[in-house]
Amino acid sequence: MRRIIDKNEKGFTLAELLIVVAIIAVLVAVSIPIFTSQLEKARAATCMANRRALYGELSASYMTDEGNYKKPDLDKYTCPSKGNITYSEKDGIFTVECSVHTKKWNDNTVPDLYDLIFKDYVGSTVDSTAVKNNNTNADKLEAVKKALAEKGIDLDALGAASWRVTGDAGAQRFEWSTVDISKVKVGQTIPVIRYRFDGTYGKMYSVWLYTVGEGVGGGYNVIKTQGKEIPASASASAADKESIDNIIEIYNKYVSTQKIDNEPIPTIG
Ligand SMILES: [Zn+2]
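As the structure is a prediction and not an experimental result, all values here were calculated from the model.

Caption draft 1: Main features of the overall build of the protein. A count of helical and extended segments in the protein gives six helices and eleven strands. Taking all 269 residues of the protein together, 38% fall into the buried category. If you take every contact in the protein between residues at least 6 apart in sequence, the share linking residues at least 24 apart comes to 49%. Element-wise, carbon and sulfur atoms account for 55% of the exposed surface of the protein, whose accessible area totals about 16000 Å².

What follows is the structure, encoded as structure tokens:
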């Protein structure tokens, strides 16, 4: 004991100092990427908040001016990642996009959905329409929406008027349609883009015809379990099905020939 104290009073040895320096170097190296990724998440969130605010201003102006709207000051709505924020209007519906942050639903971000969403909701289905208290998953809706937004999945950009998250530990699915299912009858056939991710086949998009069913407890509609895949999707190659762009093209081509209750079905983008 006495010898140790004496030794310590002489200060650090060169070897000890080198070890301390090495440890600090490792800590710095590890923390920089974590810090950068947190920073980019914050930038994406700021960009989304600015795009929402711009959307709000445009929509409010459109409503008060009855079809005309004031050109907004785009300098007020900027993207911290130097993305270019643009807007367009069609029949009173505005689309606000960022050249960096919109349509981030791509091959790199999709598999991470498992960590963000499915591991907490394994075996359950969360519907975009689950608003009734007697639906056991209604409480999860906001959390799933938040998780999707955090992944940069812009439901508006995907044209997702209705969607659901479903699956189990083996395979997970995110399915959406440009049809607002709250406005159609139970039993109606609707086109759906299905994104499926599983450990065996990896990620895959496809276009299906599903049906609209009644939600648990009644009073609202949900997307029901799979019906049949449309021919153009069924005959697409595995490589084609890995690309969301290819599948959106197939979806748009299909829905442009279809009507529901004599109304055209909206396309994506
Ligand atoms: Zn942006």
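Caption draft 2: Quick look at the pairing of strand 5 (residues 171-177). Of all seven residues in strand 5, seven are buried, a share of seventy percent or more. By the alternation rule, side chains of strand 5 split into Ala-171, Arg-173, Glu-175 and Ser-177 and Gln-172, Phe-174 and Trp-176, which are all buried. Pairing of strand 4 (residues 162-167) with strand 5 involves six bridges; the strand directions are antiparallel. Pairing of Trp-163 across the sheet is with Trp-176, part of strand 5.

Caption draft 3: Spatial organisation of unusual backbone geometry. Here Lys-82, not a glycine, exhibits a phi torsion of approximately 65°, which is positive. Positionally, Lys-82 belongs in the loop between helix 2 (14-64) and strand 1 (85-90). Phi is positive for Asn-262, which is not a glycine, with a value near 65°. You can see Asn-262 is positioned in the loop between strand 10 (259-260) and strand 11 (263-264). Overall, the relative accessible area of 69% leaves Asn-262 in the exposed class.

Caption draft 4: Up close: a nonpolar patch on the surface. Together, Val-20, Ile-24, Val-28 and Ile-32 make up an exposed nonpolar region whose accessible area comes to about 340 Å². Structurally, Ile-24 is set in helix 2. Assessed through its relative accessible area of 48%, Ile-24 is described here as partly exposed.

Caption draft 5: Representation of the packing of aromatic side chains in the model. Within this structure, the stated rule accounts for eight aromatic pairs. Ring geometry for Tyr-69 against Tyr-87: centres 6.4 Å apart, planes inclined by 75°, an arrangement best described as edge-to-face. In this pair, Tyr-69 is assigned in the loop between helix 2 and strand 1 and Tyr-87 in strand 1, connecting sequence segments 18 residues apart. Under the relative-accessibility criterion, Tyr-69 is labelled buried at 19%. An angle of 90° between the planes, with centres 4.9 Å apart, marks the rings of Tyr-69 and Phe-94 as edge-to-face. Here Phe-94 lies in strand 2 (residues 93-98) and Tyr-69 lies in the loop between helix 2 and strand 1, a separation of 25 residues in the sequence. One aromatic cluster is present, formed by Tyr-62, Tyr-69, Tyr-87 and Phe-94 through successive ring pairs. Directly above the aromatic system of Tyr-69 lies the positively charged group of Lys-71, at a separation of 4.6 Å from the ring centroid.

Caption draft 6: Spatial organisation of the pattern of salt bridges. In the structure shown here, the tally under the stated rule is seven salt bridges. Of the charged contacts in the structure, one is a salt bridge between Glu-40 and Arg-43, with a shortest N-O distance of 3.5 Å. Of this pair, Glu-40 and Arg-43 both sit in helix 2, separated by three residues, roughly a single helical turn. Of the residues examined, Arg-43 reaches a relative accessible area of 30% and is grouped as partly exposed. Ionic pairing is found between Glu-229 and Lys-241, a salt bridge with its closest N-O pair at 2.7 Å. With Glu-229 in strand 9 (residues 228-229) and Lys-241 in the loop between helix 5 (231-234) and helix 6 (244-255), the pair connects residues that are twelve residues apart, well separated along the chain. According to the relative accessible area criterion, Lys-241 is buried, its value standing at 8%. What you see here is one network of salt bridges that share partners, running through Arg-164, Arg-173 and Glu-175.

Calculation notes
Residues numbered from 1 in each chain as written. Predicted model: local features only at pLDDT ≥ 70, side-chain atom pairs only at ≥ 80, totals over all residues. Heavy atoms only, no water. Helix = DSSP H or I, 4+ residues; strand = E, 2+ residues; numbered from the N terminus. Buried < 20%, exposed > 50% of the residue type's maximum accessible area, 1.4 Å probe, protein only. Contact = heavy atoms within 4.5 Å. Areas by Shrake-Rupley, 256 points an atom, 1.4 Å probe, with all protein chains shown as cover. Pairing = 2+ DSSP bridges. Patch = residues over 30% accessible without salt bridge, like charges linked within 9 Å, V, L, I, M, F, W, Y side chains within 5 Å. Salt bridge = Lys/Arg side-chain N within 4 Å of Asp/Glu carboxyl O. Phe/Tyr/Trp six-rings, centres within 6.5 Å; stacked < 30°, edge-to-face > 60°. Lys NZ or Arg CZ within 6 Å of the ring centre and 35° of its normal.

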